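# Commentary on secondary and tertiary structure
Chain by chain, the residues run as shown.
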Amino acid sequence: MTIVAHNIYKFCASSLVHTVFLLFTVIMESHSIPADWKVHKLFPLHKKGSVSEVSNYRPISLLSILHKVLEVIVYSKIIDFIYPKISKTQFGFIRNRSTLQQLLLSYNSVFNSVESKRHTEIVFLDFAKAFDSVPYNELLYKLWLTGITGPLWLFFKDYLQNRKHFVEVEGCKSDLLPVKSGVPQGSVLLDLCFFLFMLTTYRLSALLRLCFYLLMMPNLLPL
């Protein structure tokens, strides 16, 4: 059924576009996402270690096509507003920046320190289960601090709250469980939400203000 639905959206786009436009308009004006869109199936993606350990899997949310199309529209409207606020040390999730540039900048910093005979230390920080542990209230507060307010902020509030998910493995489905924290992995707005959350967190850190640091979400590399 999922494949058929995808093909319907693809081949009947011209016939559906007006109806979808009206649906998206109602959603944005009412700041309310359909309840069905807030129930998503989790695909357990194995990361490392034993396949029998639940903690070795990353939960990827399989969202509806229309849900993701709406997210793409919202993302495209926000990114230009957010872009000037982004630090030059941020390399993850940013167009025209890459991990290679980050590594070259890191290498240059260390090389210059060594050549100048300065004491140099590198600290690698990794946030465990970073995407799953973002508190909703703090994320909404930091969205407001960034300048996302009014109707758009209300949209994000409804987007994050009252979500439920379940896991399906080999045709067996688990019970529905409430999502109490985190941003759905697999959503288009995931990177944007987590980046904005961490952006204000870095600014509040007195330690990082004393360091030269490079960001590659969800990792941070002070030098």
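Below, the structure is looked at part by part. (Residues numbered from 1 in each chain as written. Predicted model: local features only at pLDDT ≥ 70, side-chain atom pairs only at ≥ 80, totals over all residues. Heavy atoms only, no water.)

Looking only at helices and strands, the protein has eight helices and eight strands in total. Of all 223 residues assigned to the protein, the portion counted as buried reaches 33%. The contacts of the protein with a sequence gap of at least 6 include a subset with a gap of at least 24, amounting to 61%. Only carbon and sulfur atoms are counted for the fraction: they give 63% of the accessible area of the protein, which is about 13900 Å². (Helix = DSSP H or I, 4+ residues; strand = E, 2+ residues; numbered from the N terminus. Buried < 20%, exposed > 50% of the residue type's maximum accessible area, 1.4 Å probe, protein only. Contact = heavy atoms within 4.5 Å. Areas by Shrake-Rupley, 256 points an atom, 1.4 Å probe, with all protein chains shown as cover.)

What follows is about the environment of His67. Within the secondary structure layout, His67 lies in helix α3 (residues 65-82). For His67, a relative accessible area of 1% corresponds to the buried category. Separated by 121 residues in the primary sequence, His67 and Val188 have C-alpha atoms spaced 9.4 Å apart. Sequence-distant contacts of His67, defined by excluding residues within four places in its chain, comprise Trp37, Tyr159 and Arg163.

We now examine helix α5 (residues 136-146). Turning to α5, its buried residues number three or more, namely Tyr136, Leu139, Leu140, Lys142, Leu143 and Thr146. Seen from one end, α5 has its buried residues packed into an arc of 165°, which puts them on one side. Opposite the buried face of α5, by more than 90 degrees, sit the exposed residues Asn137 and Tyr141. Once α5 ends, the next one or two residues include Gly147, with phi positive near 115°. (Arc of directions from axis to C-beta.)

Following the criterion strictly, the structure yields five aromatic pairs and no others. Both rings, one in Phe155 and one in Tyr159, keep their centres 6.1 Å apart while their planes meet at 25°; by these two values the pair is stacked. Of the two residues, Phe155 and Tyr159 are both situated in helix α6 (residues 150-160); the distance of four residues between them amounts to about one turn of the helix. Taken individually, Phe155 and Tyr159 each receive the classification buried, so the pair is uniform in this respect. Taken together, the ring pairs connect Phe155, Phe156 and Tyr159 into an aromatic cluster. (Phe/Tyr/Trp six-rings, centres within 6.5 Å; stacked < 30°, edge-to-face > 60°.)

Bridge analysis of strand β1 (residues 39-46) against strand β4 (residues 164-169) gives four bridges, and the strand direction is parallel. Looking at β4, one finds that Leu42 is bridged to Val167. Pairing between β1 and strand β2 (residues 57-62): six bridges, direction antiparallel. Note on β2: the bridge partner recorded for Leu42 is Ser61. (Pairing = 2+ DSSP bridges.)

With that out of the way, let us pick up the pattern of salt bridges. Under the criterion given, the structure shown has two salt bridges. Here Lys38 and Asp158 are joined by a salt bridge, their closest N and O atoms 3.3 Å apart. Of this pair, Lys38 sits in the loop between α2 (13-30) and β1 while Asp158 sits in helix α6, and the two are 120 residues apart along the sequence. The same class applies to Lys38 as to Asp158, namely buried. In this structure, Glu168 engages Lys41 in a salt bridge whose closest nitrogen and oxygen atoms are separated by 3.4 Å. Here Lys41 lies in strand β1 and Glu168 lies in strand β4, a separation of 127 residues in the sequence. (Salt bridge = Lys/Arg side-chain N within 4 Å of Asp/Glu carboxyl O.)

Interpretation in functional terms is not warranted from these geometric data alone.
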